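What follows is the residue order along each chain.
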Amino acid sequence: MTVSGSVLAGLSEAVIDEFTAIVGPAHVLVGEDLTAPFQTDWTRRWSGPCGAVLRPADRDQVSRILRACHARGLSVVPQGGNTGLVGGSVPRAGGSDIVLSLTRLDHLGEVDRTAGQVDAGAGVTLARLQAAAAIAGYGAGMDLGARDSATVGGLAACNAGGLRTVRDGTARQRITGIEAVLADGSVIRRMSGLVKDTAGYDLPGLLIGSEGTLGVITEVRWRLVPERPARATALVRLDSVTEAESVAAALRDALPSLELLELMTEAGIALTLEHLGASAPLPVTAAWLLVECAARTSPADELIDALEALDLAERTVMAPGATGRRQMLRIRESHTDAVSRAGTPHKFDVGIPIGRLASFVEAATATSRRIAPGSQFIVWGHLGDGNLHVNVLGAPPDEERLDAAMLALTAAHDGTISAEHGIGVHKPAYLSLVRSDADRAAMAAIKAALDPGGILNPGVIFGTAA
Ligand code: FAD
Ligand code: 2HG
Ligand code: ZN
């Protein structure tokens with residue numbers, strides 16, 4: 001493709017030429033046909049035009065691009081797999097941002113067996129990381145439904161969680177090193193993989209969860225987990241979220257090999273089964289708990305004993321084998337797709353203290369009925385982490401009262417307005433519900449120090465005021 005002679009969306013020919021000299025003409029995308037896939041997010045809720053999409057091949061190209069953008073005051077939206085759910089990976093409406101697509105930074109090193117770690121370029125997908133780990137006899141210690149597209153750079157930038165957090169933690173626990181390019185093009189690199197390192201501020205820790213606002217992550221050193229080839233998976237039907245919450249607490253304490261503890265509820269189960277055209281592996285009740293244990297030797301007895309001790313054997317289906325297991329996991333993982341197919345939901349990713357989850361769900365159901373009568377309230381999530389995904393279908397997309405009430409309710413339960421997806425452009429207006437004036441001022445000071453021109457992902461976390 002050629003970009004010569006074009007003056008597009010506010011970008012001068014000289015700027016386009018400068019970018020072209022850095023990444024080559026094939027990797028400067030301009031014009032709606034080429035840029036459209038990068039301009040709308042996964043949810044279809046957020047979209048905006050961009051001046052150009054740049055696809056650098058390596059850290060040095062990222063550095064040169066940022067130096068040029070910094071000098072010219074051009075805004076940059078870092079993008080990985082574009083599977084984020086809070087609008088942070090796409091340009092802002094009315095802007096002419098540069099989208100910096102990191103998917104070509106896909107170098108994956110050899111697994112370092114001495115350290116149990118691997119270096120991965122920001123554009124490596126989670127599925128590829130998992131496959132490489134498995135070949136070397138390890139696990140990635142992370143899994144989520146968007147694994148085929150989500151990149152390690154995006155996982156780090158969002159501090160992603162997922163389905164195995166109850167055992168292996170979030171991206172923060174998995175990452176021992178980061179290389180990143182700061183707004184002015186300078187590079188920080190701490191990739192030695194030290195598990196303990198208290199020499200000054202933990203800059204990698206600061207970049208994890210910064211959603212592209214403090215730097216562009218170009219490489220990550222990922223800490224793998226020992227392989228746990230033997231798995232036992234069960235689906236338990238329960239009569240209420242209250243019951244699920246207490247069963248989950250008991251299982252967590254009884255099962256050292258616990259790796260997954262996921263909640264599904266009636267409306268979401270029904271919608272997902274219909275979406276998949278699948279039959280239910282056990283009767284649909286108010287709540288299902290999906291439980292998986294993993295170890296080197298079979299944890300089946302451990303799981304069965306724990307379920308029997310809770311008098312749940314009659315209400316449990318054990319996955320009969322790998323296929324049955326995959327079917328159970330598929331029902332859980334397909335909730336997001338099923339909801340998305342049914343409409344554009346109001347999506348909330350809340351963290352609630354364990355012990356108050358059921359009362360939150362009850363109050364949240366009433367809130368959505370009050371503000372959006374006729375809407376469909378669907379909740380599921382990572383019960384072991386106290387992380388609930390509330391999706392409300394059928395409410396007008398611009399019904400801000402619903403977002404305000406749901407997030408205020410979350411704060412009233414001492415919860416967080418984002419457990420794993422981030423603030424993005426969806427929730428800056430609500431950050432003050434969970435972060436004090438002093439806290440937000442400290443965050444703004446860090447942002448101003450690292451990105452004085454405010455070019456990195458403007459609007460994300462801080463809103464348009466930053
Ligand atoms: P993108 O969507 O491209 O970007 C996300 C944010 O990170 C943006 O703010 C972007 O600017 C920034 N960013 C991306 N790459 C970089 C980089 N290299 N340097 C700096 N900033 C960067 N999330 C969970 O936590 N748990 C789940 O269980 C989960 N399940 C999901 C299931 C589905 C079906 C879908 C669609 C999404 C799910 N997600 C989940 C959300 C999403 O997959 C994660 O947030 C993931 O980390 C995003 O990675 P990405 O590469 O797609 O990032
Ligand atoms: C999940 O755990 C993802 O299913 C997506 O984090 C949640 O779609 C959602 O709301
Ligand atoms: Zn999730």
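Just above sits the structure.
Attention in this report is confined to the structure presented alongside it. Bear in mind that the values here come from a model prediction, so they are computed numbers and not experimental data.

**A short note on the overall build of the protein chain**
Right, on to step 1. The helix and strand inventory of the protein chain stands at 16 helices and 17 strands.
Right, on to step 2. Taking 23 Å as the expected radius of gyration for a compact globule of 466 residues, we find that the protein chain reaches 23 Å, a close match to that expectation.
Right, on to step 3. Based on the C-alpha atoms only, the size of the protein chain along its principal axes is roughly 70 × 55 × 45 Å.
Right, on to step 4. Residues classed as buried in the protein chain amount to 56% of the 466 residues present.
Right, on to step 5. Long-range contacts, defined here as pairs at least 24 residues apart, represent 73% of the contacts in the protein chain between residues at least 6 apart.
Right, on to step 6. Put simply, the protein chain shows about 18700 Å² of open surface, and 52% of that area lies on carbon and sulfur atoms.
Right, on to step 7. Within the protein chain, the 52 negative side-chain charges are centred at a point lying 2 Å from the centre of the 41 positive side-chain charges.

**Some thoughts on the site of ligand 2**
Right, on to step 1. Taken together, Leu 85, Arg 332, Thr 336, Lys 347, Trp 380, His 382, His 389, Asn 391, Glu 420 and His 421 make up the full set of residues adjacent to ligand 2.
Right, on to step 2. One nitrogen or oxygen atom from the side chain of Lys 347 is found 2.5 Å from an oxygen atom belonging to ligand 2.
Right, on to step 3. Against a free-state accessible area of 290 Å², the protein chains account for coverage of 87% of ligand 2.
Right, on to step 4. Among the secondary structure elements, those contributing two or more residues to the shell around ligand 2 are β16 (376-382) and β17 (387-393).
Right, on to step 5. Looking at the shell around ligand 2, its residues break down into 2 nonpolar, 5 polar and 3 charged.

**Some details on the coordination of the zinc ion (ligand 3)**
Right, on to step 1. In this structure, His 382 (NE2), His 389 (NE2) and Glu 420 (OE) serve as the protein donors to the zinc ion (ligand 3), at separations of 1.9 to 2.1 Å.
Right, on to step 2. Here the donor residues of the zinc ion (ligand 3) are spaced in sequence according to H-x6-H-x30-E.

**Quick word on the site of ligand 1**
Right, on to step 1. The environment of ligand 1 is made up of 35 residues, and the closest members are Pro 78, Gly 80, Thr 83, Gly 84 and Thr 151.
Right, on to step 2. Note that an oxygen atom of ligand 1 is positioned 2.9 Å from one of the backbone N or O atoms of Gly 161.
Right, on to step 3. Protein contacts shield 96% of the accessible area of ligand 1, which totals 970 Å² for the unbound molecule.
Right, on to step 4. For the shell around ligand 1, the secondary-structure elements that each account for two or more residues are β3 (76-79), α5 (152-158) and β9 (216-223).
Right, on to step 5. A total of 5 residues in the shell around ligand 1 trace back to one element, the largest contributor, which is α5.
Right, on to step 6. Residues of the shell around ligand 1, tallied by class, amount to 14 nonpolar, 19 polar and 2 charged.

**Notes on empty space enclosed by the protein**
Right, on to step 1. For the coordinates displayed, the defined rule picks out 3 cavities of 30 Å³ or more.
Right, on to step 2. Contributing to the lining of the largest cavity are Thr 43, Arg 45, Trp 46, Leu 85, Val 86, Pro 345, Lys 347, Phe 348, Asp 349, His 421, His 426 and Lys 427.
Right, on to step 3. For the lining of the largest cavity, the per-class residue count stands at 5 nonpolar, 3 polar and 4 charged.
Right, on to step 4. The calculated volume of the second largest cavity comes to roughly 50 Å³.
Right, on to step 5. Together, Glu 245, Ala 248, Ala 249, Arg 252, Leu 261, Ile 354, Leu 357, Leu 383 and Gly 384 line the second largest cavity.
Right, on to step 6. In terms of residue count, the dominant contributor to the lining of the second largest cavity is helix α9 (residues 241-254) (4 residues).
Right, on to step 7. When the residues that make up the lining of the second largest cavity are grouped by side-chain class, the tally is 6 nonpolar, 1 polar and 2 charged.

**Observations concerning helix α1 (residues 13-23)**
Right, on to step 1. Those residues of α1 that sit buried are Val 15, Ile 16, Phe 19, Thr 20, Ile 22 and Val 23. With its buried residues spanning 160° around the axis, α1 presents them on a single face.

**So, unusual backbone geometry**
Right, on to step 1. The phi torsion at Asp 311 lies on the positive side, around 60°, for a residue other than glycine.
Right, on to step 2. Relative to the assigned elements, Asp 311 resides in the loop between α11 (300-309) and β14 (316-318).
Right, on to step 3. Using a relative accessible area of 66% as the deciding quantity, one classes Asp 311 as exposed.
Right, on to step 4. Positive phi values are uncommon outside glycine, yet Asp 414 reaches one of about 60°.
Right, on to step 5. For Asp 414, the location among the structural elements is in the loop between α15 (400-412) and α16 (437-450).
Right, on to step 6. Overall, Asp 414 belongs to the exposed group, its relative accessible area being 57%.

**Quick notes on the sheet that holds strand β13 (residues 287-295)**
Sheets are built from strands that pair by backbone hydrogen bonding, the pairs being arranged parallel or antiparallel.
Right, on to step 1. If you walk across this open sheet you meet the 7 strands as β14-β11-β13-β12-β16-β17-β15, and the pairing is antiparallel. This sheet does not close on itself; its edge strands, each paired only once, are β14 and β15 (346-351). Each strand of the sheet is rotated relative to its neighbour by a mean of 15°, with strand direction disregarded.
Right, on to step 2. The pairing of strand β12 (residues 258-265) with β13 spans 7 bridges and is antiparallel.

**Structural notes on the nonpolar core**
Right, on to step 1. Leu 251, Leu 289, Val 291, Phe 360 and Leu 388 are the most contacted members of the largest nonpolar core, which totals 49 residues.
Right, on to step 2. Not counting the four nearest positions on each side in its chain, Leu 289 is found in contact with Ala 234, Leu 235, Val 236, Leu 238, Ala 244, Val 247, Ala 248, Leu 251, Leu 261, Glu 262, Leu 263 and Leu 383.
Right, on to step 3. Leu 108, Leu 129, Ala 150 and Leu 214 belong to the second largest nonpolar core, which has 32 residues in total.

Cut-off values and rules
Residues numbered from 1 in each chain as written. Chains lettered and ligands numbered in written order. Predicted model: local features only at pLDDT ≥ 70, side-chain atom pairs only at ≥ 80, totals over all residues. Heavy atoms only, no water. Helix = DSSP H or I, 4+ residues; strand = E, 2+ residues; numbered from the N terminus. Rg over C-alpha atoms; globule rule 2.2 N^0.38 Å. Buried < 20%, exposed > 50% of the residue type's maximum accessible area, 1.4 Å probe, protein only. Contact = heavy atoms within 4.5 Å. Areas by Shrake-Rupley, 256 points an atom, 1.4 Å probe, with all protein chains shown as cover. Lys, Arg positive; Asp, Glu negative; His and termini not counted. Charge placed at Lys NZ, Arg CZ, Asp CG, Glu CD. Near = heavy atom within 4 Å. Polar contact = N/O pair within 3.5 Å; in protein donor to acceptor, adjacent residues only side chain to side chain. Nonpolar A, V, L, I, M, F, W, Y, C, P; charged D, E, K, R; others polar. Donors = N, O, S within 2.8 Å, 3.2 Å for Na, K, Ca; no water. 1 Å grid on protein atoms, 1.4 Å probe; cavity = no way out; pocket = protein on both sides within 12 Å on 5 of 7 lines; lining within 4 Å. Points joined across faces, edges and corners; volume = space filled by probe spheres on them. Arc of directions from axis to C-beta. Pairing = 2+ DSSP bridges. Axes fitted to C-alpha atoms, helices over the stretch in contact; angles between N-to-C directions. Core = buried A, V, L, I, M, F, W, Y, C linked by side-chain atoms within 4.5 Å.

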